[in-house]
Amino acid sequence: MLSRPSGTVAKRFVSAAAKSAGVQEKTTVLENGLRVSSVELNGATSSIVLAFRAGSRYQPANKQGLTHLIRNSVGRDAPNFPGLALVWNTAQNGGNLTAVSNRDVLAIEVNVVRDQSAVVLSLLGQLGNNAFKPWDVEDVKHDTLPADATYLTGTTIAFEQLHQAAFRNGGLGLSNYSVNNVSAKDLSAFAKERLVAGEAVLVGVNVDHDTLVQAGSTQFPLAQNQPAKATPAKYFGGEARKDGRGNRSYVAIAGEGSAITSVKDVAVQAVVAQILLNAAQKVTSEAISVNVNYQDSGLVGVQFAACNTQITQVTKSIASAIKSAKADGLDNAKNTAAVQVLSDAQHASEVALEKATQVLAGVEVSPREFADAIRAVTAQDVTQALSRVNGKLSLAAYGSTSLVPYLDEL
């Protein structure tokens, strides 16, 4: 099966299993720069990920949606193999193929019964080597983009708008969805620069490490290149609004979060996110958490929706709850956040994607270690983080935006 959802590949440090629990982890850097990392959970299924430091922040500002189109092109022709054969053989071997991306990372994942992992590795090497033939790209645009647009929910649109409000024209503010004036030539140029060995990691969960290294050395035809580094993210804060039809409106309110490279700061943010969510859910049960960490910044806050007759008051009440949030209920928030981290680490697919994100970000920590970091968060840590969040908020609205108050009215 082939699916192409866009997901948040990195939110928390939940990528590797604790060594104290007897789980084995190994990482090898090949001569071409490709990093190969294995995690053995002793499970019956394997999750294999080929990930690149090639999320939407790396696309040209005038070619927004380029990574969206690359994500949707996974499964099309490679230079030496027809895409249909690659997808068919993946399915014939029981593999479930998925392409995901966020602002930092573009990843291709295959989940399969572990005794078929060696076969799937050979297929993944070609699936990550797209030829971007002009007719394939046009087919992808015609066949997938209209469908993707219909599946975009108000919550997703508001989340995208939140990044634009927070980071403006910086890389993290670029769209992960909209496709504007992107050609096959553009995709090939981007792939030549960023889909290269030095910007990639091959992760296998429940896959023999030597098998991964052998496959990475011989079956992944990745070019070698030194792409330019992304401009460091700068958080601005502000507002972004987009009118939409319907009798409901969607709002996201968040403040500046932390980079994924600081374990302590991400742990504090996990607790703050839970405190803000608890406060928001006292206003509406439709509140969900915004808690994302990128390589050099992050966002923490809440999203919610309400019918248009109530969205004004709900927005005011949640903004007030965010601004008045304190370290009350700290122990409950820490326990909830720690349990979520350890729960996520039980799933091979989640582990593989998170491990890939960590390796590309240059940081690795086990779930047990991260849960311990969450439990070590103090009231002072939370108070300081909340002060930073409320120092300069960002607000995004989708729907009847004239009914959503502006930040200076909250």
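Residues numbered from 1 in each chain as written. Predicted model: local features only at pLDDT ≥ 70, side-chain atom pairs only at ≥ 80, totals over all residues. Heavy atoms only, no water.

Participant: Explain the environment of aspartate 104 here, please?
Facilitator: Counting through the fold element by element, aspartate 104 comes out in the loop between strand S5 (96–101) and strand S6 (106–113). Between the C-alpha atom of aspartate 104 and that of threonine 383, which follows or precedes it by 279 residues, the distance is 29 Å. The contacts of aspartate 104, once residues within four sequence positions are left out, are Phe52, Arg53, Ala54, Gly55, Arg57, Tyr58, Tyr294 and Gln295. A polar contact is formed between the side chain of aspartate 104 and the backbone nitrogen of glutamine 295, at a distance of 2.9 Å. (Helix = DSSP H or I, 4+ residues; strand = E, 2+ residues; numbered from the N terminus. Contact = heavy atoms within 4.5 Å. Polar contact = N/O pair within 3.5 Å; in protein donor to acceptor, adjacent residues only side chain to side chain.)

Participant: Would you mind showing me how to read the domain arrangement of the protein here?
Facilitator: The parts lose accessible area when they come together, and the size of an interface is often stated as this lost area. Parsing the protein into structural domains produces domain 1 (26–219) and domain 2 (238–403). Each of domain 1 and domain 2 was reduced to a C-alpha centroid, and the two centroids are 26 Å apart. Between domain 1 and domain 2, the contact holds 38 residues from the first and 33 residues from the second. Summed over both sides, the interface between domain 1 and domain 2 buries roughly 2,900 Å², with carbon and sulfur atoms accounting for 70% of that surface. Contact with domain 2 buries area across many residues of domain 1, yet Gln161, Leu162 and Ala165 alone supply 18% of it, more than any other trio. On inspection of domain 1 and its partner domain 2, the count reaches 1 salt bridge. We note a salt bridge from arginine 57 to aspartate 296, for which the minimum N-O separation is 2.9 Å. Scanning the region where domain 1 abuts domain 2 turns up 7 residue pairs in polar contact (both at pLDDT 80 or more). Elements supplying a minimum of two residues to the side of domain 1 that touches domain 2: strand S3 (35–40), strand S4 (45–52), S6, helix H5 (154–167) and strand S7 (200–205). Counting residues per element, the side of domain 1 that touches domain 2 draws most heavily on H5, at 11 residues. (Domains from an automatic or database assignment. Buried area = accessible area lost by both parts, 1.4 Å probe. Salt bridge = Lys/Arg side-chain N within 4 Å of Asp/Glu carboxyl O.)

Participant: Any chance you could explain empty space enclosed by the protein here in plain terms?
Facilitator: Space left empty within the atom packing is revealed by a probe, the size of a water molecule, rolled over the atoms. Tallied over the entire structure, the rule returns 1 cavity of 30 Å³ or more. A volume near 70 Å³ is recorded for the largest cavity. Class assignment for the residues of the lining of the largest cavity results in 8 nonpolar, 3 polar and no charged. (1 Å grid on protein atoms, 1.4 Å probe; cavity = no way out; pocket = protein on both sides within 12 Å on 5 of 7 lines; lining within 4 Å. Points joined across faces, edges and corners; volume = space filled by probe spheres on them. Nonpolar A, V, L, I, M, F, W, Y, C, P; charged D, E, K, R; others polar.)

Participant: I tried to follow the layout of surface pockets on my own but got confused; where do I start?
Facilitator: Taken as a whole, the second largest pocket spans an internal volume of roughly 480 Å³. Around the second largest pocket sit 22 residues that line it, and Glu160, Ser175, Tyr177, Ser178 and Lys242 are the ones nearest its centre. Sorting the residues of the lining of the second largest pocket by element identifies helix H4 (134–151) and H5 as the ones contributing at least two each. No other element matches the 5 residues that H5 contributes to the lining of the second largest pocket. When grouped by side-chain class, the residues that make up the lining of the second largest pocket number 8 nonpolar, 9 polar and 5 charged.

Participant: Could you clarify how one ought to interpret the UniProt feature "domain: Peptidase M16 N-terminal" (unreviewed entry) in the protein in this entry?
Facilitator: Using the residue numbers shown here, the UniProt feature "domain: Peptidase M16 N-terminal" (unreviewed entry) corresponds to residues 40–175. Helix and strand shares over residues 40–175 are 45% and 17% respectively, and the end C-alpha atoms of the span are 35 Å apart. (UniProt positions renumbered as here; feature names shortened; annotations may be inferred.)

Participant: How should I be thinking about the pattern of salt bridges in this particular structure?
Facilitator: When charged atoms on two side chains of opposite charge get close, those side chains can pair. Applying the stated criterion to the full structure yields 17 salt bridges. A salt bridge links glutamate 364 to lysine 355, with the shortest nitrogen-to-oxygen separation between them at 2.2 Å. Its relative accessible area of 0% is what places lysine 355 among the buried residues. A single network of salt bridges, built from pairs that share partners, joins Glu25, Lys355 and Glu364. (Buried < 20%, exposed > 50% of the residue type's maximum accessible area, 1.4 Å probe, protein only.)

Participant: How should I be thinking about helix H7 (residues 209–218) in this particular structure?
Facilitator: An α-helix turns once per 3.6 residues; consequently, residues spaced three or four apart project the same way. Taken together, the buried positions of H7 are His209, Leu212, Val213, Ala215 and Gly216. Down the axis of H7, the smallest arc covering the buried residues is 165°, so these residues share one side. Opposite the buried face of H7, by more than 90 degrees, sit the exposed residues Asp210, Gln214 and Thr218. Capping of H7 at its N-terminal end is provided by aspartate 208; its side-chain oxygen lies 3.2 Å from the backbone amide nitrogen of aspartate 210. (Arc of directions from axis to C-beta.)

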